[in-house]
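The primary structure of each chain is shown beneath.
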Amino acid sequence: MATDNEHVVIIGNGISGVTAARFIRKLSDKKITIISGETKYFFSRTALMYIYMGHMKFENTQPYEPWFWEKNRIDLVFDYVDEVNTQAKTLKMRQGETINYDKLIIACGSTPNKFGWPGQDLDAVQGLYSYQDLEGMEKYSKDLERAVIVGGGLIGLEMAEMFQSRNIPVTFLVREKSYWDAVMPKEESLMIGRHIVEHHIDLRLETELKEILSDDHGRARAVITNTGEKIECQFVGLTAGVSPNIQFIKTSEACDIDTQKGILVNDYLETTAPDVYALGDCAQLMNPMEGRRPIEAIWYTGRMMGETVAHTICGKRTAYVPSLWFNSAKFLDIEYQVYGDVRANPPSNHAQLYWEHEEGRKSIRLVFDKETNAILGFNLMGVRYRHEVCEKWIEEDTSIEEVLQNLGLANFDPEFYDEYEAAVIEQYNRKFNKNLKLKQKRGLTGALRFLKNKFARQE
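Residues numbered from 1 in each chain as written. Predicted model: local features only at pLDDT ≥ 70, side-chain atom pairs only at ≥ 80, totals over all residues. Heavy atoms only, no water.

A. Molecular detail of the pattern of salt bridges. One pass over the structure, following the stated rule, counts 28 salt bridges. In this structure, the salt-bridge partner of Arg94 is Asp82, at a minimum N-O distance of 3.1 Å. With Arg94 in the loop between β5 (90-93) and β6 (98-100) and Asp82 in strand β4 (residues 81-85), the pair connects residues that are twelve residues apart, well separated along the chain. A relative accessible area of 32% means that Asp82 is categorised as partly exposed. When the shortest N-O distance is used, the salt bridge between Arg166 and Glu138 registers 2.8 Å. Remark: Glu138 occurs in helix α4 (residues 131-140) and Arg166 occurs in the loop between α5 (154-164) and β11 (170-174); sequence separation between them is 28 residues. (Salt bridge = Lys/Arg side-chain N within 4 Å of Asp/Glu carboxyl O. Helix = DSSP H or I, 4+ residues; strand = E, 2+ residues; numbered from the N terminus. Buried < 20%, exposed > 50% of the residue type's maximum accessible area, 1.4 Å probe, protein only.)

If you want it as structure tokens, here you go:
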């Protein structure tokens, strides 16, 4: 039974933990404490690159003013948790304090992967995840002649763009045959690879880090690749993915929380220890939905988990049901959106329609079921589509041909941008010997009319 005199302690002040705190406060008068040793106040992690590039100041990345926390009676503790005792319901802090809890939410995020490379713990060798990582990049950029970045994901390309903004040359080591080809279909992967090279980034495909060499002061001075090549550099970015930041859980002796790669949670985000929950990047679902990963280090899933667990803690036990998969990013100056089921290696029942602009910087991919023709997913490069429209089509198993004829409803590029939906239909007609015509061009009025029924149902 939930009571309002309980003390809810949250480890981590990222989107998952802060969302949980906000909704617990909306639903109850419980005592709430958020613990973080990274920063005192919640900030937008995706904005770190813009601070380095001079587009924003750190204080502008904080969604809430400092007075927000006191007004909402959310206590902030600026410290790290070294040990969790689930039997005594206590947390041992690095600075010596002990904090008691009635309910505990672990939302401690991720840490960059390290794979035992010689030299991986040298100075000027780091990832890009935390505010401290940003400080490290700033510190080591002062005399930087070249950076080497290891790992072909989103964070690696963000780091490369950051260094380029200061005219620092970058070598980018990617072990795959093309950039991010484990996630993106072949054509989009090749497009971004070309785009990286066009931006004068030294992209080395099928190249892995073997060793990092040290100078006389313990700082990186060069890397050795798997081909035996030596690349002189004064900074090494480790961006080969992230892992749940749960080492302090694994080393806590009186802790009954089961872990694998992450903290194991059931459908209600409950761990194996009573009154303990895990959210966001560090949570590993025991029973993930079909087609979804057990750990999803994505902003919107963390936010949904935070809201879900708040209802459970406040007396209404609620299962976590992830919404339609989506993600968005920016590859240098190409925007990327994905909605629904789009895979690098699609199963046999997935049909594909792919259109690419002749300039090679825009593309639209539609994925649909070969048997039912129901739309399954959208993958977009350099073209913006409305989330709500794509979601409605996918949720309602809309036919690919109906989607195509109304594709303009989804487009929300600015008014004077070119429209490409007619070209996509032409591609479909050629491929499947059809004669479809575009019925609906871009326009807010049509999109709102189309979405009216969906919004009415949600109310």
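And the narrative resumes.
B. Looking closely at the packing of aromatic side chains. Applying the stated criterion across every chain, the model contains 25 aromatic pairs. Geometrically, the ring pair formed by Phe163 and Phe235 is edge-to-face, given 5.1 Å between the ring centres and 70 degrees between the ring planes. Here Phe235 lies in strand β16 (residues 235-238) and Phe163 lies in helix α5, a separation of 72 residues in the sequence. Here the two residues Phe163 and Phe235 agree in accessibility, since each one is buried. Considering the side-chain rings of Tyr428 and Phe432, the 4.8 Å spacing of their centres and the 40 degrees angle between planes classify their relative orientation as tilted. (Phe/Tyr/Trp six-rings, centres within 6.5 Å; stacked < 30°, edge-to-face > 60°.)

C. Inspection of the side chain of Ser28 at higher detail. Tracing the chain through its elements places Ser28 in the loop between α1 (15-27) and β2 (31-36). At 2.8 Å, the side chain of Ser28 and the backbone oxygen of Ile24 are in polar contact. Apart from residues lying up to four places away in sequence, Ser28 is in contact with Asp4 and Cys314. (Polar contact = N/O pair within 3.5 Å; in protein donor to acceptor, adjacent residues only side chain to side chain. Contact = heavy atoms within 4.5 Å.)

D. Looking closely at the sheet that holds strand β3 (residues 74-78). Read across the sheet, five strands follow the order β3-β2-β1-β7-β19 without closing on themselves; strand pairing throughout is parallel. The outermost strands of the open sheet, each flanked by one partner alone, are β3 and β19 (276-278). Averaged over all adjacent pairs, the angle separating strand axes in this sheet is 20 degrees, with direction ignored. The pairing of strand β1 (residues 7-11) with β2 spans five bridges and is parallel. Among the inter-strand pairings, Val8 is bridged to a residue of β2, identified as Ile32. Contacting β1, β2, β3 and β7 (103-106), α1 runs over the sheet at an angle of about 170 degrees to β2. (Pairing = 2+ DSSP bridges. Axes fitted to C-alpha atoms, helices over the stretch in contact; angles between N-to-C directions.)

E. Inspection of the sheet that holds strand β22 (residues 334-340) at higher detail. In space, the five strands of this open sheet follow the order β21-β22-β25-β24-β23, with antiparallel pairing throughout. Bordering the open sheet on either side are β21 (326-331) and β23 (350-356), each of which pairs with just one other strand. Strand-to-strand twist of the sheet, defined as the mean angle between neighbouring strand axes without regard to direction, takes the value 10 degrees. As paired elements, β22 and strand β25 (residues 375-381) share five bridges and run antiparallel to each other. If you follow Gln337 over to β25, its bridge partner there is Leu380.

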